[in-house]
Amino acid sequence: MLAQAAPAASPLLVIHGGAGVERKDLSPAEEKAARDALRAALLKGHAELVAGRPALAAVTAAITVLEDDPTFNAGKGAVFTHDGRNELDAAVMDGANQAAGAVAGVQRVRNPILLAQTVMQKSRHVMMVGQGAEAFAAEQGIPLVDPSYFRTEKRWQQLQRALKEEASGQAHADLETAKHFGTVGAVALDAQGHLAAGTSTGGMTNKRYGRVGDSPIIGAGTWADARCAVSGT
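Residues numbered from 1 in each chain as written. Predicted model: local features only at pLDDT ≥ 70, side-chain atom pairs only at ≥ 80, totals over all residues. Heavy atoms only, no water.

Enquirer: Where do I start with the overall build of the protein chain in this structure?
Expert: For the protein chain, the count of helices and strands is six helices and nine strands. Nonlocal contacts in the protein chain, meaning residues at least 24 apart in sequence, comprise 71% of its contacts between residues at least 6 apart. Surface accessibility of the protein chain: about 10500 Å² in total, with carbon and sulfur atoms responsible for 53%. (Helix = DSSP H or I, 4+ residues; strand = E, 2+ residues; numbered from the N terminus. Contact = heavy atoms within 4.5 Å. Areas by Shrake-Rupley, 256 points an atom, 1.4 Å probe, with all protein chains shown as cover.)

Enquirer: Hey, could you run me through the packing of aromatic side chains in this one?
Expert: Given two aromatic rings, one states the distance between the centres and the angle between the planes to describe the pair. Considering all chains together, one arrives at two aromatic pairs under this definition. Relative to W156, the ring of F80 has its centre 5.0 Å away and its plane inclined at 80°; by these criteria the two rings are edge-to-face. Pair noted here: F80 is in the loop between helix 2 (55-68) and strand 3 (88-94) and W156 is in helix 5 (residues 153-168), with a separation of 76 residues, a long-range link. The exposure class of F80 is buried, given its relative accessible area of 3%. Residue W156 is classed as partly exposed on the basis of its relative accessible area of 25%. (Phe/Tyr/Trp six-rings, centres within 6.5 Å; stacked < 30°, edge-to-face > 60°. Buried < 20%, exposed > 50% of the residue type's maximum accessible area, 1.4 Å probe, protein only.)

Enquirer: Can you walk me through unusual backbone geometry in this structure?
Expert: Negative phi is the rule for most residues except glycine; trans is the rule for most peptide bonds. A positive phi is found at N206, a non-glycine position, where the angle reads about 70°. Within the secondary structure layout, N206 lies in the loop between strand 7 (195-201) and strand 8 (222-224). A residue is classified by how much of its surface remains accessible, and N206, at 9% relative accessible area, is buried. One non-glycine residue, Y209, lies in the positive phi region at around 60°. Looking at the element boundaries, Y209 is found in the loop between strand 7 and strand 8. Accessibility expressed as a relative area gives 77% for Y209, which makes it exposed.

Enquirer: What is the right way to look at the environment of G130 in this model?
Expert: Here G130 shows up in helix 4 (residues 130-140). Taking the C-alpha atoms as reference points, G130 and G105, 25 residues apart in sequence, are found 4.8 Å from one another. With residues up to four places along the chain from it excluded, the contact list for G130 reads A104, G105 and V106.

Enquirer: Explain the pattern of salt bridges to me, please; I cannot follow it from the model alone.
Expert: One side chain can pair with another of opposite charge once the charged atoms of both are near each other. Enumeration according to the criterion identifies eleven salt bridges in this entry. E48 serves as the salt-bridge partner of R53, at 3.6 Å between the closest nitrogen and oxygen. The class of E48 is buried, set by a relative accessible area of 17%. Notably, a salt bridge pairs R227 with D225, separated by 3.3 Å at the nearest N-O pair. (Salt bridge = Lys/Arg side-chain N within 4 Å of Asp/Glu carboxyl O.)

Enquirer: Looking at this structure, I do not really get the packing of helix 2 against helix 3 (residues 112-122). What am I missing?
Expert: Geometrically, a packed helix pair is captured by the angle between its two axes and the distance between the axes. Contact geometry for helix 2 and helix 3: axes closest at 8 Å, N-to-C directions at 150°. One finds that helix 2 runs roughly antiparallel with respect to helix 3. Along its contact with helix 2, which presents L56, T60, I63, T64 and E67, the element helix 3 presents P112, I113, L114, Q117, M120 and Q121. Its residues placed into classes, the contact of helix 2 with helix 3 shows six nonpolar, four polar and one charged. (Axes fitted to C-alpha atoms, helices over the stretch in contact; angles between N-to-C directions. Parallel < 35°, antiparallel > 145°, perpendicular 65-115°, else oblique. Nonpolar A, V, L, I, M, F, W, Y, C, P; charged D, E, K, R; others polar.)

Enquirer: Please clarify how helix 5 should be interpreted in this entry.
Expert: Count 3.6 residues to each turn of an α-helix, and residues three or four apart come out pointing the same way. The terminal C-alpha atoms of helix 5 lie 23 Å apart, and with 16 residues this matches the ideal 22 Å at 1.5 Å per residue to within 8%. The complete set of buried residues in helix 5 reads R155, Q158, L159, A162 and E165. Taken around the axis of helix 5, the buried residues stretch over an arc of 135°, which confines them to a single face. Residues of helix 5 that are exposed and point more than 90 degrees away from the buried face comprise K164 and A167. Positive backbone phi, at 75°, marks G169, one or two positions downstream of helix 5. (Expected span 1.5 Å × (residues − 1). Arc of directions from axis to C-beta.)

Enquirer: Explain the packing of helix 1 (residues 28-50) against helix 2 here, please?
Expert: Close contact between helix 1 and helix 2 brings their axes to 8 Å; oriented N to C, the two are set at 155°. The angle between helix 1 and helix 2 places the two elements in the roughly antiparallel class. Of the two possible hands of crossing, helix 1 and helix 2 adopt the one that is right-handed. In this structure, helix 1 contributes A37, L38, A40, A41, K44, G45, E48 and L49 to the contact, and helix 2 contributes A55, A57, A58, A61, A62, V65 and L66. Grouping the amino acids of the contact of helix 1 with helix 2 by side-chain chemistry returns twelve nonpolar, one polar and two charged. (Left-handed = near helix turned anticlockwise from the far one by under 90°.)

Here it is in structure tokens:
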């Protein structure tokens, strides 16, 4: 997903959201839930742009909605690691000044995208991980939750299937899809012509060893400058 700046352009918001599986594997109810959440995220983020706020505000507003919805593999509803935990990654970048912030491997931060923004705005660093990132979140008043907040039965069952198939040496096409789909993100262009991007994810089902994917890596999963904004996975 990419947005390009243009002179005198109208404010624009583009989002992406996976639901942990390919569209063909979603039930009608699950697809409706995903579409409803995406619409809510678009409306929330676009309202920031209409109010004259910067692109970064629209990006974080939209992604927060998706992190709070259990449909997606980001925030509540994130996939489980091999050890039965939820480890969350997120990043933001402001194209106006190319400032960036990212977090990885957090387990108690309700909205990792807001912590990534705070890392960018309130620290001397670009990326924080694990317990250090959570300590910083507590210092900055970012809401922390019990790890059980992120659990959904659907994601738990995906892990059980992955563990069973791993033990048997078998692979399952639907499960392989579920491992890699679900990351959410947004790019925005504001009324001043500035761009921003953000990405949030729970990573891969059955991941191990503190694995961090591309999503929170500036220049890989997330990027914004004066010319373009990108959120991808």
